[in-house]
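Each chain is listed here by its residues.
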Amino acid sequence: MDGKEKIKIGVLVSGGGSNLQAIIDAVQVGALDVEIACVGADNPGAGGLARAEKAGIPTFVTDYSTLFASRKDGAPLPDNFSLDDVAAKQSLLKDAHPDTLKAFLEKRALAEADLLAKLVPYNIDLLVLAGFMRVFTPYFIDGLNADSDIPRIMNIHPALLPAFPGTDGYGDTFRYGCKVGGCTVHFVDYGEDSGPIIGQHSFPILPEDDLDAVKKKGLAEEWRLFPECIQLYAEGRLTVVEREGTRVVEIIKGS
Ligand code: GRF
């Protein structure tokens, strides 16, 4: 891939970071037209941080738990945060009591403002969520997508969306008795795991498979799927169009 222009990506993790590792490996073998500019985590114990450091990638932490607690202690909200605006756009909490929604959005605004500020110096083209276990409110999404025709946040989810959104995709797939499992890479929109789908890989679930086997098969597919989707973005081949009222991704044919 030498000689081609590279896009700059940031990666966010919460845990072990095996997806981050797959992306680092793909970059190192020259399979991605990408520079990983930074890796961030929502907690200082995220194993992915050590993987990044080993690869010489700058890291940072936005400590969500500490920031959430500071909001309870009266930490001020970001100047550019409008509760009415964010509440009107969001579709994470439906039918929540206004006080519940207010607390939910305000504490996230505090963490999201910290994240946005820490990302600014890296000037990234794309933010990749690789096992980042936090939802984003419109405050963060609009902050990152500003001045871009194409969404700038990409997430990997451990199920074949739109089935089984939420935090336990493989568990939900397995417990439902599905005979096929899979993973999905999608752009992030204002809902939970609801944004336009970029790519999906599937795998058979056999009678002898337990949940561990399903997770193992799923992760192996994630490690292939995520770099593929990031490379499509790097090549400028993803576009979002409206199809019968739904925003969907179209992949432009490669040359
Ligand atoms: C993956 O299964 C991802 O889809 C899910 O969390 C897991 C993260 O794994 N959201 P890792 O931290 O990349 O190893």
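Computed from a predicted structure; not experimentally measured.

With the rule as written, the count across this model stands at 8 aromatic pairs. Here Phe81 and Tyr139 contribute two aromatic rings whose centre-to-centre distance is 5.7 Å and whose plane-to-plane angle is 75°, an arrangement assigned as edge-to-face. Taken together, the residues Phe81 in the loop between helix H3 (64-72) and helix H4 (83-89) and Tyr139 in helix H6 (residues 138-145) connect sequence positions 58 residues apart. When sorted by exposure, Phe81 lands in the same class as Tyr139, which is buried. The residue whose ring lies beneath Arg108 is Phe104, and the NZ or CZ to ring-centre distance is 3.8 Å.

In terms of nonpolar packing, the biggest core is built from 43 residues, with Ile9, Val11, Ile36, Met154, Phe226, Ile230 and Leu238 touching the most fellow members. If one sorts the elements of this core by residue count, helix H8 (residues 211-234) sits on top with 8 residues. With near-sequence residues (within four places) excluded, Ile9 lies in contact with Ile23, Val34, Glu35, Ile36, Ala37, Cys38, Ile124, Leu126 and Val128.

This next bit is on the side chain of Ser14. Counting through the fold element by element, Ser14 comes out in the loop between strand S1 (7-13) and helix H1 (18-28). A polar contact is formed between the side chain of Ser14 and the side chain of Asp42, at a distance of 3.1 Å. Among the polar contacts listed, one links the side chain of Ser14 to the backbone nitrogen of Met133, at a separation of 2.8 Å. Apart from the residues lying within four places of it in its own chain, the contact partners of Ser14 are Asp42, Asn43, Ala46, Gly131, Phe132 and Met133.

What counts as what
Residues numbered from 1 in each chain as written. Predicted model: local features only at pLDDT ≥ 70, side-chain atom pairs only at ≥ 80, totals over all residues. Heavy atoms only, no water. Phe/Tyr/Trp six-rings, centres within 6.5 Å; stacked < 30°, edge-to-face > 60°. Helix = DSSP H or I, 4+ residues; strand = E, 2+ residues; numbered from the N terminus. Buried < 20%, exposed > 50% of the residue type's maximum accessible area, 1.4 Å probe, protein only. Lys NZ or Arg CZ within 6 Å of the ring centre and 35° of its normal. Core = buried A, V, L, I, M, F, W, Y, C linked by side-chain atoms within 4.5 Å. Contact = heavy atoms within 4.5 Å. Polar contact = N/O pair within 3.5 Å; in protein donor to acceptor, adjacent residues only side chain to side chain.

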